[in-house]
Amino acid sequence: MAHLLFKDVNKVYPNGYHAVHDFNMEINDGEFICLVGDSGCGKSTTLRMIAGLEDITSGEFYIDGKLANQMTSRERGIAMVFQSYALYPHLTVYENLAFGLTLEGIDADIIEEKVQATAKILGLTEYLERFPRNLSGGQCQRVAVGRALIRKVNIFLMDEPLSNLDAKQRVTMRSEIKQIHRSVGATTIYVTHDQTEAMTMSDRIVVMKSGGYVQQIGTPYELYFHPKNLFVAGFIGEPPMNFLKGKVVKGKFVNDAGMSFDLKPVVNDVKSIEGKDVVFAFRPEAIKLANGGKAGKDEYLIESNVDLTELLGDTTNVYANVGDVNVILKVNPHDAPKMGDKFVFCVPYKAAYIYDKETEEAIPSDIARQ
Ligand code: ADP
């Protein structure tokens, strides 16, 4: 296990591109951290700086209290799993697993013991004599994880390890990787562009935005219930949060669609946002049906027109418009409206988020979200 500390870590590539800006974070022993964000936001660059595959342009990076900027990859005690499994095609699973240990000149007896133990953890025992071409994508990824696992390391780095797998295999491998993490306990940093992977696997998530800017660091719960800006609000959650633009007039959210919502219950200091352009946000799954077309206690009422519905089985996605803004709503299939219907729904106060349109930051609110 290892404790990691980043102080104002920056990466500027030789061509002058500033790929990571002021990365600051402390990672505790044994934590599972996901770096998540759209393609090109600097996730792999950050991971490669941790691995020692890229120089850190400025700032400090510590492993267990020791400055690691200049350490070699080997000195850092890391193992890395890549998106392309990077298996040797001409070697069997056994030989692929044993490869690193053989290079280090470790005794054949010990290698045998370690390969068998690793294969057992990963369910690969019966495939040890096979070549990679005779394995499924999921099995190849397990061998790649096994190669990292077999070396006794303190830090596991994974760069989109599941992106070559189909949807079903991804779900299986997600829980396998979590279980391996639980049994091995190595500090793990996992890069993905998939917010569901990040939400389901992480102890904490780092949300990054293009240009290499960290937006928020927090537990999946914190990011889902307390997104601190519009970017995180829109990134975490599937389908994404709905955003309605408007203005604060006399303490109310008003807009062209005729809404007029008292904001006092949902922000701490409504006076401080008087006259501001704001965004009223709510999650598709947080809405309630309007009983008799009316808002209940502590709810806002919204009228929409239904464009399209999608039955998923356990739930129906309703694509609707509010004024000229498209929204997505999740409803029980038995309550789902039809295409072309008028659909009136409620947003409970506790599920309403107000953002400053200009700064994109959340307006402070102490409302209990549960
Ligand atoms: P992500 O992993 O989030 O998709 P990367 O860390 O790979 O993003 O890349 C971040 C940004 O840095 C991208 O805009 C990419 O084009 C740029 N970049 C990556 N490698 C280099 C390089 N060697 N030289 C210049 N720019 C690079």
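Structure report, in brief. Everything numeric in this text was worked out from a predicted model, so none of it was measured.

Definitions and limits used
- Note on numbering: residues in each chain are counted from 1, in written sequence order.
- It should be noted that, the model being predicted, local features are given only for residues of pLDDT at least 70 and side-chain atom pairs only at 80 or more, the latter also being counted only at that level, while totals for whole chains, interfaces and linings use all residues.
- Each side-chain value is derived from all of the structure's non-hydrogen atoms; neither hydrogens nor water enter the calculation.
- Paired strands are those between which DSSP finds at least two bridges.
- For the purposes of this entry, the term helix denotes a DSSP run of H or I that reaches at least four residues, the term strand denotes a run of E that reaches at least two, and both are numbered from the N terminus.
- We call a residue buried when its accessible area falls under 20% of the maximum for its residue type, exposed when it is over 50%, and partly exposed in between, using a 1.4 Å probe and counting protein chains only.
- Within this document, salt bridges are pairs made up of a side-chain nitrogen of Lys or Arg and a carboxyl oxygen of Asp or Glu, the two lying within 4 Å of each other.

## Quick look at the sheet that holds strand β15 (residues 288-289)
Pairing between sheet strands relies on hydrogen bonds along the backbone, with the strands arranged either parallel or antiparallel. Strand order in the open sheet formed by 5 strands is β15-β19-β16-β17-β18, and the pairing between neighbours is antiparallel. Looking at the sheet topology across the chains shown, the edges are occupied by β15 and β18 (325-331). Inspection of the sheet shows strand β16 (residues 299-311) paired to strand β17 (residues 316-322) by 6 bridges, in the antiparallel sense. Residue pairing across strands places Leu-308 opposite Tyr-319, the latter belonging to β17.

## Looking at the pairing of β17
Along β17, 6 of the 7 residues are buried, which leaves the element largely enclosed by surrounding structure. The hairpin turn running from β16 into β17, its antiparallel successor, is 4 residues long, and Gly-313 in that turn takes a positive phi close to 115 degrees. The sheet contact formed by β17 and β18 spans 7 bridges and is antiparallel. Of the residues in β18, the one forming a bridge with Asn-317 is Lys-330.

## Quick look at the pattern of salt bridges
Summed over the entire model, instances satisfying the criterion amount to 10 salt bridges. With a closest N to O distance of 3.1 Å, Glu-176 and Arg-142 form a salt bridge. Remark: Arg-142 occurs in helix α5 (residues 137-150) and Glu-176 occurs in helix α6 (residues 167-184); sequence separation between them is 34 residues. No difference in accessibility class separates Glu-176 from Arg-142, as the two residues are buried. Lys-264 serves as the salt-bridge partner of Asp-262, at 3.9 Å between the closest nitrogen and oxygen. On the basis of relative accessible area, Lys-264 is assigned to the exposed category, the value being 56%. One network of salt bridges, with partners in common, ties together Lys-11, Arg-48 and Glu-54.

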